[in-house]
Amino acid sequence: MTLWLVRHAQPLIEAGICYGQLDMKADVEATQDCAQALADVLPEKIQAFVSPLQRCGQLAITLATMRPDITLKQDPRLQEMHFGNWEGRAWRDLPKADLDAWTADFGSYAAGENGESVTQFMARVTAVFDELPRDRDTLWITHAGVIRAAQLLAAGVRNVEQASQWPADAPSYGQWCTLEMV
């Protein structure tokens, strides 16, 4: 079974802004390009699970118009990590003490007031990951953080305590990667 992990297209927000679960649209042309590229390579009748945030839904709907054989299902557990009151603020403007506290206690520290900890985020993504069917390919249309979490889970890592454990790389906007599951 192959898990296709697709990142939404470029969101319509200024670069350098912490946006986590802020809901905004993505660039229309970039979304169209991504959907077309995916439509050309995805296996037939794949089931897609989609983050409910607009930037992912926009890609899912565009893809479904090109490939009506694809089944779409929204799953709120595939949303990006929630950064609480950091969302909508420039990363450079966040208090250094807050960022240092997050790095020092990466697993447990709730990012931003009322945000999620990495442990909470990983538990949410783990729940979806553990439900993956092992007999058919699956598509997730989601976010960079969710893709990184899925890559960790596929490698057997379920608990992240230190920032150094978090993967640096994820697909660029409108790109994807695959994980071969056994």
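Fair warning: this is a prediction, and the values are worked out from it, not measured in the lab.

Turning our eyes to something else, we now look at the nonpolar core. By size, the foremost hydrophobic cluster in this structure holds 32 residues, and its most contacted members are L3, L5, W102, V118, M122, W140 and W166. Taken together, the elements giving at least two residues each to this core come down to β1 (2-7), α4 (118-130), α5 (144-154) and β5 (176-180). Other than its neighbours up to four places away in sequence, W166 contacts F106, V118, F121, M122, G145, R148, A149, L152 and V160.

This paragraph deals with unusual backbone geometry. Trans is the common state for peptide bonds, and a negative phi is the common state for residues other than glycine. In the Ramachandran plot, K45 falls in the positive-phi region, its phi being about 55° despite a non-glycine side chain. Inspection of the secondary structure assignment puts K45 in the loop between α1 (28-41) and β2 (47-50). Positive phi is not limited to glycine here, since N114 has a value of about 70°. Topologically, N114 is positioned in the loop between α3 (96-104) and α4.

A separate point is the pattern of salt bridges. Taken as a whole and judged by the stated rule, the model has six salt bridges. Note that D75 is salt-bridged to R77, the shortest N-O span being 2.8 Å. Given the relative accessible area of 23%, R77 is considered partly exposed. R158 is paired through a salt bridge with D130; the nearest N and O atoms lie 2.7 Å apart. You can see R158 sitting in the loop between α5 and β5 and its partner D130 sitting in helix α4, a full 28 residues away along the chain. What you see here is one network of salt bridges that share partners, running through D75, R77 and E131.

All right, on to the sheet that holds strand β3 (residues 71-74) then. The mixed open sheet is built from five strands, whose spatial order is β3-β2-β4-β1-β5. Here the strands that pair on one side only, and so sit at the sheet edges, are β3 and β5. Each adjacent strand pair in this sheet contributes to an overall mean axis angle of 20°, direction not counted. Looking at chain direction, β2 and strand β4 (residues 138-142) are connected through four bridges and run parallel. Along β4, the bridge assignment pairs F49 with W140. Packing of α1 onto the sheet brings it into contact with β1 and β5, and relative to β5 it is tilted by some 30°. Most of the contacts of helix α2 (residues 54-66) go to β4, to which it runs at about 135°, and overall it touches β1, β2, β3 and β4.

Two numbers describe how α1 lies on α2: the axes approach to 9 Å, and their chain directions differ by 50°. By the angle class used here, α1 and α2 are oblique. As for how α1 packs across α2, the hand of that crossing is right-handed. Between α1 and α2, the contacting residues are V28, T31, Q32, C34, A35, Q36, L38 and A39 on the first element and Q58, L59, T62, L63 and M66 on the second. Of the residues assigned to the contact of α1 with α2, the class counts are eight nonpolar, five polar and no charged.

This part covers the side chain of R7. Position of R7 relative to the elements: it lies in strand β1. Of the side chains bearing the opposite charge, E80 lies closest to the buried R7, which forms no salt bridge; the N-O distance is 6.3 Å. Not counting residues within four places of it along the chain, the set of residues in contact with R7 comprises Y19, L59, T142, A144, I147, P171, S172, Y173, G174 and Q175.

What follows concerns the pairing of β3. Both β2 and β3 contribute to a ladder of four bridges, which runs parallel. Note on β3: the bridge partner recorded for V50 is Q74. For the crossover that starts at β2, traverses α2 and ends in the parallel β3, the hand is right-handed.

Calculation notes
- Residues numbered from 1 in each chain as written.
- Predicted model: local features only at pLDDT ≥ 70, side-chain atom pairs only at ≥ 80, totals over all residues.
- Heavy atoms only, no water.
- Core = buried A, V, L, I, M, F, W, Y, C linked by side-chain atoms within 4.5 Å.
- Buried < 20%, exposed > 50% of the residue type's maximum accessible area, 1.4 Å probe, protein only.
- Helix = DSSP H or I, 4+ residues; strand = E, 2+ residues; numbered from the N terminus.
- Contact = heavy atoms within 4.5 Å.
- Salt bridge = Lys/Arg side-chain N within 4 Å of Asp/Glu carboxyl O.
- Pairing = 2+ DSSP bridges.
- Axes fitted to C-alpha atoms, helices over the stretch in contact; angles between N-to-C directions.
- Parallel < 35°, antiparallel > 145°, perpendicular 65-115°, else oblique.
- Left-handed = near helix turned anticlockwise from the far one by under 90°.
- Nonpolar A, V, L, I, M, F, W, Y, C, P; charged D, E, K, R; others polar.
- Lys, Arg positive; Asp, Glu negative; His and termini not counted.
- Right-handed = clockwise from strand over helix to strand, strands pointing away.

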